[in-house]
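Results of the structural survey
Here's the letter readout for the chains.
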Amino acid sequence: MIGLRVARVDRIAAVGAHCDDIAIGAGGTLLTICSANPGVRVDALVLSGGGTGREDEEHAALADFCPAADLRLTVLKLPDGRAPAHWDEAKAAVEDLRASTDPDLLLAPNRADAHQDHRLLAELVPTAFRDHLALGYEIVKWDGDLGRPSVYQPLTTEVAETKVTLLQRHYPSQRHLPWYDREAFLGLARVRGIECRSRYAEAFYVDKVTLDLGVPQSKG
């Protein structure tokens, strides 16, 4: 397993189509980064759920998933399951986010996601964030769209357990879903951990990465 380290992460942008998408797809990664870098700025955008109880859930959840961070969350009111019909509003929201931040890391849905809202957002993100490290997260669900990601963020057992605890605590509106349980979240994290020689991990898709291999090598 080859490890690459990002020089520094002072700013993160995280986008989701629904309240809880960011936490499910990248909650462990946010916990890992924010715990290690107090004061990191996190700009989060969610397309739907604004003005409802789900927005309240999201504010409380991301506050815990981004400990000691400068969190700035915007939750819009696009209808759940109808994002493609509101392309202009979604596009404008992504562009507004880009105008407000220049992140070192971007967390977003991946293009292969079977949910139409997730997929639309994944397609819009690179139209505004063209020169950023963008990681496409995955969300376990009924559609069975899990694939073969190529980038992994190992999670300690403590972080993986904390992620599941926070998901269960902060999103009571989703507990009725048949896949929304501890076994599903920890099970996927365990599988991704196996794939990267870790106990647990979150996995991501990357469209483009530029390498800088011209660093002089020490001669010993």
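Refer to the structure above for everything that follows.
First, a word on scope: everything that follows refers to the structure included in this document.

Cut-offs applied
- Residues numbered from 1 in each chain as written.
- Predicted model: local features only at pLDDT ≥ 70, side-chain atom pairs only at ≥ 80, totals over all residues.
- Heavy atoms only, no water.
- Buried < 20%, exposed > 50% of the residue type's maximum accessible area, 1.4 Å probe, protein only.
- Helix = DSSP H or I, 4+ residues; strand = E, 2+ residues; numbered from the N terminus.
- Pairing = 2+ DSSP bridges.
- Right-handed = clockwise from strand over helix to strand, strands pointing away.
- 1 Å grid on protein atoms, 1.4 Å probe; cavity = no way out; pocket = protein on both sides within 12 Å on 5 of 7 lines; lining within 4 Å.
- Points joined across faces, edges and corners; volume = space filled by probe spheres on them.
- Nonpolar A, V, L, I, M, F, W, Y, C, P; charged D, E, K, R; others polar.
- Axes fitted to C-alpha atoms, helices over the stretch in contact; angles between N-to-C directions.
- Parallel < 35°, antiparallel > 145°, perpendicular 65-115°, else oblique.
- Left-handed = near helix turned anticlockwise from the far one by under 90°.
- Contact = heavy atoms within 4.5 Å.

What follows concerns the pairing of strand E1 (residues 11-16). E1 sits mainly inside the fold: five of its six residues count as buried. Inspection of the sheet shows E1 paired to strand E2 (residues 41-46) by six bridges, in the parallel sense. Across the sheet, the residue bridging to Gly 16 is Val 46, located in E2. The parallel pair E1 and E2, bridged by helix H1 (residues 21-36), forms a crossover whose chirality is right-handed. Taken together, the three bridges between E1 and strand E4 (residues 105-109) define a ladder with parallel strand orientation. Following the sheet pairing, Ala 13 is matched in E4 by Leu 106.

Let's shift gears to the environment of Arg 82. By the secondary structure assignment, Arg 82 is in the loop between strand E3 (70-75) and helix H3 (87-100). What makes Arg 82 exposed here is its relative accessible area of 52%. Note: C-alpha distance between Arg 82 and Leu 155 (73 residues apart in sequence) is 34 Å.

This part takes up the layout of surface pockets. Approximately 1,500 Å³ is the volume found for the largest pocket. Leu 4, Arg 5, Val 6, Leu 133 and Val 151 are, among the 34 residues lining the largest pocket, the residues nearest its centre. Counting only elements with at least two residues in the lining of the largest pocket, the list comes to H1 and strand E6 (151-155). Residue composition of the lining of the largest pocket, by class: 20 nonpolar, eight polar and six charged. Of the volumes computed, that of the second largest pocket is approximately 450 Å³. Forming the walls of the second largest pocket are 19 residues, and the residues nearest its centre are Arg 111, Pro 126, Ala 134, Asp 207 and Lys 208. Those elements giving two or more residues to the lining of the second largest pocket turn out to be E4, helix H4 (116-128) and strand E5 (134-137). Within the lining of the second largest pocket, the residues separate by chemical class into 11 nonpolar, three polar and five charged.

The next subject is the packing of helix H2 (residues 53-65) against helix H5 (residues 157-170). Between H2 and H5, the least distance of the axes is 10 Å, while the angle of their chain directions is 160 degrees. With respect to H5, the element H2 is oriented roughly antiparallel. Considering the relative orientation of H2 and H5, their crossing is right-handed. Of the residues in H5, those in contact with Glu 57, Ala 60, Ala 61, Asp 64 and Phe 65 of H2 are Lys 163, Leu 166, Leu 167, Arg 169 and His 170. Residues of the contact of H2 with H5, tallied by class, amount to five nonpolar, one polar and four charged.

Our next topic: empty space enclosed by the protein. All told, the structure shown has three cavities of 30 Å³ or more when counted by the stated rule. For the largest cavity, the calculated volume is near 110 Å³. Along the wall of the largest cavity there are 13 residues; nearest its centre are Ile 24, Lys 163, Phe 185, Leu 188 and Glu 202. If you list the elements that add at least two residues to the lining of the largest cavity, you get H1, helix H6 (182-195) and strand E7 (200-205). Considering only residue class, the lining of the largest cavity consists of eight nonpolar, one polar and four charged. Space inside the second largest cavity adds up to approximately 50 Å³. Residue assignment for the lining of the second largest cavity shows that the elements contributing at least two residues are H5 and H6. Taken together, the residues that form the lining of the second largest cavity break down as six nonpolar, no polar and one charged.

Purely geometric numbers; function is a separate question.
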